[in-house]
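# Structural features, examined
Now for the letters of each chain:
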Amino acid sequence: MENEFDVVIIGGGVSGCAAFYTLSEYSDIKKIAIVEKCPQLAMVSSSAKANSQTIHDGSIETNYTVQKAKKVKLSAYKVRRYALNRNLQNQIIFENQKMAIGVGDEECEFMRKRHQDFKEVFPELESFDKGTIRKIEPKVILQANGEDRPENVIASGFKKDWCAMNFGLLAEDFVREGKRIKPNNEVFLNYKVQKIQPHSGGYTIISDDSREIHAKFVLVDAGSYALPLAQSMGYGLELGCLPVAGSFYFVPDLLRGKVYTVQNPKLPFAAVHGDPDVVIKGKTRLGPTALAMPKLERNKHLFGGISLDLLKMDLNREVFKITWDLLSDKEIRDYVVKNVIFELPYVGKKKFLKDARKIIPSLRLEDLSYASGFGEVRPQVLDRVNKKLELGEKKISTNKGITFNMTPSPGATSCLQNALIDAREITDYLGARFDLERFYQDLSPEELD
C-alpha cells in the first residue's frame, strides 16, 4: 500500500522529532514518518520564539521538589548530552550562568534551605551572596543610582552551565539524523490531520485535503491538538483543557545569563524570569506572563484561531467547576487579573515593570517592549472526574496501537526521556527490538549503574 509506515508520528515539534530520532537510531523498525501541519518543523511550541530556551534540569526551578528534580535532571542531561555528543555547542546549545534569586528575608531563608536540600541532587550547585551576585549579574543588584538595592538578596546556581537551547534547531537535527540513519523515513509537511481511522492492522491518517498515510502504530505528539484528536476517537473523554498562553517582554542586553525568581507554590504557572535570547542577539527576554485563552494555538489576530474543538471539550459542568474553584482562591484570582492587564497596551507594560524590577531593579519603562509574536499556548490538562487541574505531562496509552501525549513545559527538556518511554511501548507493541543499553550508553550512562 502506498504511504505505508510502521510508525507515524503526528506533530513535528521537538517531542515528535525526538521520538523519530530515537526509533530510527535505537530500534529495528524499518520505516517511520512524521506529519506536520506547518510548512516547516518546530514552528509552534518548539520554535525559539515560543519558549524560554531553557534546559530545565530542576536546579533553579523553585517549584520543583527534590524528588522531581532528580527525575527531571536525568531527562535534561539526555538532551544536553545529545547536543554535546553531536558537537552542537554555540549552534544549538549554549553555555552561560544561571541562578534562582531570593529577594527579601523570607525568600532568602527559603533559598538557603532549598540550596542545602538540592546540593544532594546537584553537588556543584553554588550559593551566591549579594556581593557575588553583583560580580556575576550586576544588574540584579544595582539600582538606577548605582547603589545596591536595599533588600537582602541571595541566589543558588551555576557560574557556567550548558543550560540554553534552541529547541527548534534541535528538532531539525533529530530529523536529519533520523533520515540519515534510515533513508526510507519520510517527513510530510503541510499535512494537517483531519481524522484518524482504524484500518486492518493499524490506522489511516487523513489530512484536511484528503491525503492518506497508513501506519501500524500512531504516536500523537501534537501539543494542544493531541487531546482533541484523542477525543475524536473516543479516548480521554474524562479530560478537559485549560490553554494558557505565555507572553514575553524584551529589554536591552542587561543580563549575562538566566535569572529565575521564587515560585508562588499556589500558582501552577512559571514565575517571571530573565533569559538572554539565543537567537536575537543583544536582547534579554523577561516573562512569561500567563493568560488563559480559548485557543489551541496563538494567532496574531485577537479572534483568530479560536478553537471549536476546545469549546466542545470544555463546555461542561465539570470544567466550569474546576475553573470556579481555581478562581475562588484570591491569590490565583489576583494573578489571573494581573496577567490580563499585562496584555493591555501601555497599561500592561507599566504593570509588568513592577514584576520585572524584582530581577532588574534599575529597569525603566522605556527599556521594556512587548515581544510581539513571542510565546505560545501550553495545554494544562483538567481532570473532569476528580475536578482538578493536572500539572505536568499527560499520556493516553490505548494499548491499541495509538498513543496521545500532552506535553506542557518542560516537555522540550524531557523530549528524549519521553521518546524513550514511547519507543519502548511502540517496539513492544510491534514486536520490534529496542537497544536500551546503547541508548543509555550514549545519552544517560549514569542509569546503567
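The rules behind these values
Residues numbered from 1 in each chain as written. Predicted model: local features only at pLDDT ≥ 70, side-chain atom pairs only at ≥ 80, totals over all residues. Heavy atoms only, no water. Helix = DSSP H or I, 4+ residues; strand = E, 2+ residues; numbered from the N terminus. Buried < 20%, exposed > 50% of the residue type's maximum accessible area, 1.4 Å probe, protein only. Contact = heavy atoms within 4.5 Å. Areas by Shrake-Rupley, 256 points an atom, 1.4 Å probe, with all protein chains shown as cover. Lys, Arg positive; Asp, Glu negative; His and termini not counted. Charge placed at Lys NZ, Arg CZ, Asp CG, Glu CD. Expected span 1.5 Å × (residues − 1). Axes fitted to C-alpha atoms, helices over the stretch in contact; angles between N-to-C directions. Parallel < 35°, antiparallel > 145°, perpendicular 65-115°, else oblique. Left-handed = near helix turned anticlockwise from the far one by under 90°. Nonpolar A, V, L, I, M, F, W, Y, C, P; charged D, E, K, R; others polar. Patch = residues over 30% accessible without salt bridge, like charges linked within 9 Å, V, L, I, M, F, W, Y side chains within 5 Å. Salt bridge = Lys/Arg side-chain N within 4 Å of Asp/Glu carboxyl O. Pairing = 2+ DSSP bridges. Phe/Tyr/Trp six-rings, centres within 6.5 Å; stacked < 30°, edge-to-face > 60°. Lys NZ or Arg CZ within 6 Å of the ring centre and 35° of its normal. Arc of directions from axis to C-beta. Polar contact = N/O pair within 3.5 Å; in protein donor to acceptor, adjacent residues only side chain to side chain.

## Structural notes on the overall build of the protein
Assigned secondary structure in the protein consists of 13 helices and 20 strands. In terms of its C-alpha atoms, the protein occupies a principal-axis envelope of roughly 70 × 50 × 40 Å. When burial is assessed residue by residue, the protein has 56% of its 449 residues classed as buried. In the protein, once contacts between residues fewer than 6 apart in sequence are set aside, the share between residues at least 24 apart is 73%. Of the accessible surface of the protein, which amounts to about 19900 Å², a share of 51% is contributed by carbon and sulfur atoms. Within the protein, one finds 64 positive and 60 negative side-chain charges whose respective centroids are separated by 3 Å.

## Digging into helix H12 (residues 415–430)
Note: α-helices contain 3.6 residues per turn, so residues at a spacing of three or four share the same orientation. Taking 1.5 Å per residue as the helical rise, H12 with its 16 residues ought to reach 22 Å, and the 22 Å between its terminal C-alpha atoms agrees with that figure. Downstream of H12 by a residue or two, Gly431 has a phi angle that is positive, lying close to 70°.

## Describing the packing of helix H1 (residues 14–26) against helix H13 (residues 436–443)
Between H1 and H13, the shortest axis-to-axis distance is 10 Å and the interhelical angle comes to 120°. In this view, H1 runs oblique relative to H13, as classed from their interaxial angle. Handedness of the crossing formed by H1 with H13: right-handed. Counting all contacts with H1, which are made through Thr22, Glu25 and Tyr26, the residues of H13 involved are Arg438, Phe439, Asp442 and Leu443. Within the contact of H1 with H13, the residues separate by chemical class into 3 nonpolar, 1 polar and 3 charged.

## Considerations on a nonpolar patch on the surface
On the surface, a nonpolar cluster with roughly 190 Å² of combined accessible area is contributed by Leu327, Val336 and Val340. Its place among the elements puts Val336 in helix H10 (residues 330–342). Judged by relative accessible area, Val336 falls into the partly exposed class, the value being 34%.

## So, the pattern of salt bridges
For the structure on display, the rule yields 27 salt bridges. A salt bridge links Asp117 to Lys113, with the nearest nitrogen and oxygen atoms 3.0 Å apart. Residue Asp117 and its partner Lys113 are both found in helix H3 (residues 105–118); the two are separated by 4 residues, about one turn of the helix. With relative accessibility at 54%, the residue Lys113 sits in the exposed group. Beyond isolated ion pairs, a larger network of salt bridges with shared partners links Arg86, Asp173, Arg176, Glu177 and Arg180.

## Some remarks on the sheet that holds strand E15 (residues 291–292)
If you walk across this open sheet you meet the 4 strands as E15-E10-E17-E18, and the pairing is antiparallel. If you trace the sheet from one side to the other, it starts and ends with E15 and strand E18 (388–390), each paired once. Where strand E10 (residues 239–245) meets E15, 2 bridges bridge the pair, whose relative direction is antiparallel. Within E15, the residue paired with Val244 across the bridge is Ala292. Where helix H9 (residues 317–328) meets the sheet, its contacts fall on E10, strand E17 (377–383) and E18, and the angle it forms with E17 comes to roughly 105°.

## Considering the packing of aromatic side chains
What characterises a pair of aromatic rings is the spacing of the ring centres plus the angle enclosed by the ring planes. Under the definition given, this model contains 17 aromatic pairs. Three or more aromatic residues link up through ring pairs in this structure, and these residues are Tyr21, Tyr26, Tyr82, Phe174, Phe434, Phe439 and Tyr440. One cation-aromatic arrangement involves Lys31 over Phe5; the distance from NZ or CZ to the ring centre is 4.9 Å. It is Arg80 that lies over the ring of Tyr77; its NZ or CZ is 4.1 Å from the centre.

## Focus on the sheet that holds strand E5 (residues 153–165)
Strand order in the open sheet formed by 8 strands is E4-E5-E3-E12-E13-E14-E11-E16, and the pairing between neighbours is mixed. Pairing within the sheet leaves two strands with one partner each, and these edge strands are strand E4 (126–128) and strand E16 (369–370). Relative to E16, strand E11 (residues 249–252) is paired through 2 bridges, and the arrangement is antiparallel. Bridge pairing in E16 places Tyr249 opposite Tyr370.

## Description of the environment of Ala356
Residue placement: Ala356 occurs in helix H11 (residues 347–356). A relative accessible area of 0% means that Ala356 is categorised as buried. Not counting residues up to four positions away in its chain, the partners in contact with Ala356 are Leu286 and Leu363.

## Some words on the pairing of strand E20 (residues 402–406)
Most of E20 is tucked away, with 5 of its 5 residues classed as buried. Here E20 shows two buried faces, one formed by Ile402, Phe404 and Met406 and the other by Thr403 and Asn405. In this structure, the hairpin formed by strand E19 (residues 394–397) and E20 is closed by a connection of 4 residues, where Asn399 is found at a positive phi of approximately 60°.

## Focus on H11
The set of residues buried in H11 consists of Gly348, Phe352, Leu353 and Ala356. Buried residues of H11, viewed axially, fall in a sector of 140°; they line one side. Along its buried surface, H11 packs onto E11, strand E14 (283–287) and H10.

## Topic: the environment of Gln231
The residue Gln231 is located in helix H7 (residues 226–232) in this model. The class of Gln231 is buried, set by a relative accessible area of 17%. One polar contact links the side chain of Gln231 to the main-chain carbonyl oxygen of Gly236, over a distance of 2.8 Å.

## Points about unusual backbone geometry
Residue Pro288 follows Gly287 across a cis peptide bond; omega there is 0°. Mapping Pro288 onto the fold places it in the loop between E14 and E15. Positioned with a positive phi, Asn190 is a non-glycine residue whose angle comes to about 55°. Inspection of the secondary structure assignment puts Asn190 in the loop between strand E6 (186–188) and strand E7 (193–199). Assessed through its relative accessible area of 46%, Asn190 is described here as partly exposed. A positive phi is found at Lys387, a non-glycine position, where the angle reads about 55°. Position of Lys387 relative to the elements: it lies in the loop between E17 and E18. The class for Lys387 is partly exposed, based on a relative accessible area of 39%.

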